[in-house]
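Working through the structure, step by step
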Amino acid sequence: MSGLLVTTLAALGAVLLVLAAVMRWTRLVPWGLAGLGTAYALVLPSINVTSAAVTAPLVAGGLFVAAEGVFIAAARGAVPKPEPARALAWLTASGLGAIACSALVLVLATVAIGRSLLITIVGTAAAVGVVALLSSRSQGDRPEG
Amino acid sequence: MKRTPSTKLQTYLALTAAGTLVGLATGRPELVALAAPFAAYVALGIARGQVPEVTVSATIPGERVLEGDDVPVTVEIEARSAIERLDLALEPGYGLTSTGSRPRIAARLEPGERRQLRPTLRTQRWGPHRVGVLSCRAADRFALVDYEFPPARLGAVRVFPRMETLGAMIEPLELQATTGNRVSRERGDGIEFAEVRPFTPGDRVRRVNWRVTARRGAPYVSERHPERNADVIVFLDTFAEVSDPTGSTLELAVRAASSVAAGYLARRDRVGVVGFGGAVTGLRPSFGSAQLYQILDALIGSEVTFTYTHKDVSLVPRQMLPPKALVIAITPLIDDRSIGALFDLRARGFDLAVIEISPVPFTKPGPIRADALAHRLWQLRRAAVRTQFEEFGVPVTEWHGEQPLQVPVASASAFRRRIRRPVAM
């Protein structure tokens, strides 16, 4: 039952991504990625920790490359057309970057840092910093065009 | 400048939030790791993304064009920052249409790059029109935010109606005292020979016809026809119009009026215009190409202004309706006030000819039998009005816009030749 559900979700996600790329309906991209991600999340409890640590960055890289690929494909009807060589280079670089980023998160998650007030303060300060950065960027200078 | 998050940003933020929350809730860092690349991309895009800085200006070469002509628009783009994608959409104004199938233009620009684009619009209808609106959207290289610049309104063009060259015009019955190209029936100084008559005291010696004098043994002088011009008033009925998606009676009327005015001005006649409708407008008769442009400028401003007010020709200033003028009325013969005004003009002794812009092609009878009957009755009533005009010696010729304007003009001339002189009322 679980296997069928996982297969169905993954297939549905893949179909939605293909449809988004072919029909240029970028609104379908989050649903396609969500389907694939959910399928992976359902599979995750059944695989051991070592396999999960290896597969997660690869799956993350695959999902990111799929998303970028769909957005590039959706822009193919535009003028100027995306250059294939440039798009391929970007997809390769972004895939490798995504794998590295995902692996880094997993490595950081496994580091034993203990529990203390200092960690809580650092975490809160980081969250506030991110919100402040986002706020300052969104209210930045707005030149008139 | 308006900023809107792109679909990409919304997608990546949603995936980041979902992966992080589910990962935290289930205690699986692998799910957070799945979302990490999307979060990193968004963070990188926000930190490194530049607001696109671009200057877009659009110009048109001239402000006077003819119906059906192309209006080339020059769009100058100057990028001050890298722009991954710049979308320009030129929305044509009323009376203009895009010549290409893709009115959108897109470009990728490097910092400092200048580019010039030349989209072309085509004029469809006469009138003073705004050329259009140029809207501009840009995306930075991460394509996370769409930047929409305030739309730029392009200038205006004055689209003149396309004029037909008329070979023969309706000849005026009366001519004015000023010199022109028409041979008057009167006797006087001119080129065209009229007759010889015996010399009378006061005749100038240079008018003596020496050959006839020698043959008859008594002095004779030559009489000649002087060259005179005419005053022509183009009377445009703007009380009502009938239209469908293909056009309207007013559109045809203005085309006919401009062709008629140009035709008479080319013959060195004085031409004026009276717009008779909800608003009474006019232009005094005058000569030349400057007058033609003034007439065209006046005509393209013509519009139907609805009013219940009773109006008659007494509202038209006297200078715009000079005595002995030939009045060419261009009317759909719909509104009783304009029909009454034309009868009034004829009763006041004006030489009148009517070019009827038929509203019949723009109308269709309704689906039921009574509608068809009403449509036929309406057409019979129109025929009765035409007959009434013709009984008073006024030619009424119909023009649908399909055949050349020369056809109704020639038909009116033939009618006037047939009756020799209009019947006095």
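Within any chain, residue numbers begin from 1 and follow the written order of that chain's sequence. To read the labels, note that chains go from A and ligands from 1, taken in the order they are written. It should be noted that, the model being predicted, local features are given only for residues of pLDDT at least 70 and side-chain atom pairs only at 80 or more, the latter also being counted only at that level, while totals for whole chains, interfaces and linings use all residues.

Considerations on the overall build of chain B
The numbering of helices and of strands both runs from the N terminus, where a helix is a DSSP run of H or I of at least 4 residues and a strand a run of E of at least 2. When you go through chain B residue by residue, the secondary structure sums to 8 helices and 26 strands. Counting other C-beta atoms within 10 Å of a residue's C-beta gives its exposure: the residue is buried at 20 or more, exposed at 12 or fewer, and partly exposed in between, where C-beta atoms are placed from the backbone. Here chain B, with 425 residues, has 38% of them falling under the buried criterion. Looking at chain B alone, contacts between residues at least 24 apart form 75% of all its contacts between residues at least 6 apart. Here contacts are defined at the residue level, using C-beta atoms placed from the backbone and a cut-off of 7 Å between them.

Some thoughts on the packing of helix α4 (residues 249-266) of chain B against helix α5 (residues 288-300) of chain B
The description of two helices packed together rests on the angle between their axes and the distance between the axes. Residue and element names in this part refer to chain B. Axis lines are fitted through C-alpha atoms, for helices just across the contact stretch, and the angle between N-to-C directions can take any value from 0 to 180 degrees. Across the interface, α4 lies against α5 with an axial gap of 10 Å and an inter-helix angle of 170°. Judged on the interaxial angle alone, α5 and α4 are roughly antiparallel. Two secondary-structure elements touch here, α4 through Val254, Ala257, Ser258, Ala261, Ala262 and Leu265 and α5 through Gly288, Gln291, Leu292, Ile295, Leu296, Leu299 and Ile300. Residue classes in the contact of α4 with α5 are distributed as 10 nonpolar, 3 polar and no charged. In these notes the angle categories are as follows: under 35 degrees is roughly parallel, over 145 is roughly antiparallel, 65 to 115 is roughly perpendicular, and the rest is oblique. Throughout this entry, Asp, Glu, Lys and Arg are counted as charged residues, while Ala, Val, Leu, Ile, Met, Phe, Trp, Tyr, Cys and Pro are counted as nonpolar. The remaining residues, Gly among them, count as polar.

Focus on helix α8 (residues 406-419) of chain B
Residues and elements named next belong to chain B. Helix span, as expected, comes to 1.5 Å for every residue beyond the first. For α8, which comprises 14 residues, the first-to-last C-alpha distance of 20 Å matches the rise-based estimate of 20 Å (1.5 Å per residue) to within 8%. Within α8, the full set of buried residues consists of Pro408, Val409, Ala412 and Arg416. All buried residues of α8 project into a common sector of 105° when viewed along the axis, lining one side. Of the residues in α8, the exposed ones pointing more than 90 degrees away from the buried face are Ala414, Arg417 and Arg418. Against the buried residues of α8 lie β25 (351-357) and β26 (396-399). Regarding the arc, it is the one traced by the directions from the helix axis to the C-beta atoms.

Regarding the interface of chain B and chain A
The partner chain A presents 36 residues to the 31 residues of chain B that form the contact. If you list the elements that add at least two residues to the side of chain B that touches chain A, you get α1 (7-26), α2 (29-48), β2 (54-59) and β8 (104-109) of chain B. Per element, the largest residue contribution to the side of chain B that touches chain A is 11 residues, and it comes from α2(B). Grouping the amino acids of the side of chain B that touches chain A by side-chain chemistry returns 22 nonpolar, 3 polar and 6 charged.

Considering unusual backbone geometry
One non-glycine residue with positive phi stands out, namely B:Ala143, at about 55°. C-beta crowding within 10 Å serves as the criterion here: with 18 such atoms nearby, B:Ala143 is assigned to the partly exposed category.

With respect to the confidence of the model for chain A
For every residue, the predictor states its confidence as a pLDDT score lying anywhere from 0 to 100. When pLDDT is averaged across chain A, the result is 82; 86% of the residues are at 70 or more. The least confident element of chain A is helix α5 (residues 117-138) of chain A, whose mean pLDDT is 78; the most confident is helix α2 (residues 29-43) of chain A, at 91.

Observations regarding the sheet that holds strand β19 (residues 231-238) of chain B
All names here are of chain B. Note on pairing: DSSP must find at least two bridges between two strands before they are called paired. Taken in spatial order, the 6 strands line up as β23-β22-β19-β24-β25-β26 in an open sheet, and their pairing is mixed. Two strands lie at the open edges of the sheet, namely β23 (281-286) and β26, each paired on one side alone. Along the sheet, successive strands turn relative to each other by an average axial angle of 20°, direction set aside. Judged from the 6 bridges that link them, strand β24 (residues 326-331) and β25 form a sheet pairing that is parallel. Pairing of isoleucine 330 across the sheet is with isoleucine 355, part of β25.

Concerning the packing of α2(A) against α1(B)
Viewed as axis vectors pointing N to C, α2(A) and α1(B) meet at an angle of 20°, and their least axial separation amounts to 10 Å. Considered as vectors, α2(A) and α1(B) are oriented roughly parallel to each other. Of the two elements, α2(A) crosses α1(B), and the hand of that crossing is right-handed. The segment α2(A) lies against α1(B), with A:Val29, A:Pro30, A:Leu33, A:Ala34, A:Gly37 and A:Ala41 engaging B:Thr11, B:Ala14, B:Leu15, B:Ala18, B:Gly19 and B:Val22. In terms of residue class, the contact of α2(A) with α1(B) is built from 9 nonpolar, 3 polar and no charged. Left-handed describes a crossing whose near helix is turned anticlockwise from the far helix through less than a right angle; right-handed describes the clockwise counterpart.

What about the nonpolar core?
Residues B:Val234, B:Ile328 and B:Ile330 are the most contacted members of the largest nonpolar core, which totals 128 residues. When neighbours within four sequence positions are excluded, B:Ile330 is seen to be in contact with B:Val234, B:Phe235, B:Leu236, B:Asp237, B:Ala253, B:Ala256, B:Ala257, B:Ile355 and B:Ile357. A set of buried Ala, Val, Leu, Ile, Met, Phe, Trp, Tyr and Cys residues, joined through C-beta atoms within 7 Å, is what we mean by a nonpolar core.

Some points on the sheet that holds strand β9 (residues 114-117) of chain B
All names here are of chain B. Strand order across the open sheet formed by 3 strands is β2-β5-β9, with antiparallel pairing between neighbours. Two strands in the sheet have a free side with no partner beyond their single neighbour: β2 and β9. Taken over all neighbouring pairs, the strand axes of this sheet differ in orientation by 15° on average, direction set aside.

Things to note about the environment of B:Thr4
Residues and elements named next belong to chain B. Looking at where threonine 4 falls in the secondary structure, it is placed in strand β1 (residues 2-5). Spatially, the C-alpha atoms of threonine 4 and glutamate 148 are 7.9 Å apart, while their sequence positions differ by 144 residues. Apart from the residues lying within four places of it in its own chain, the contact partners of threonine 4 are Asp146 and Glu148.

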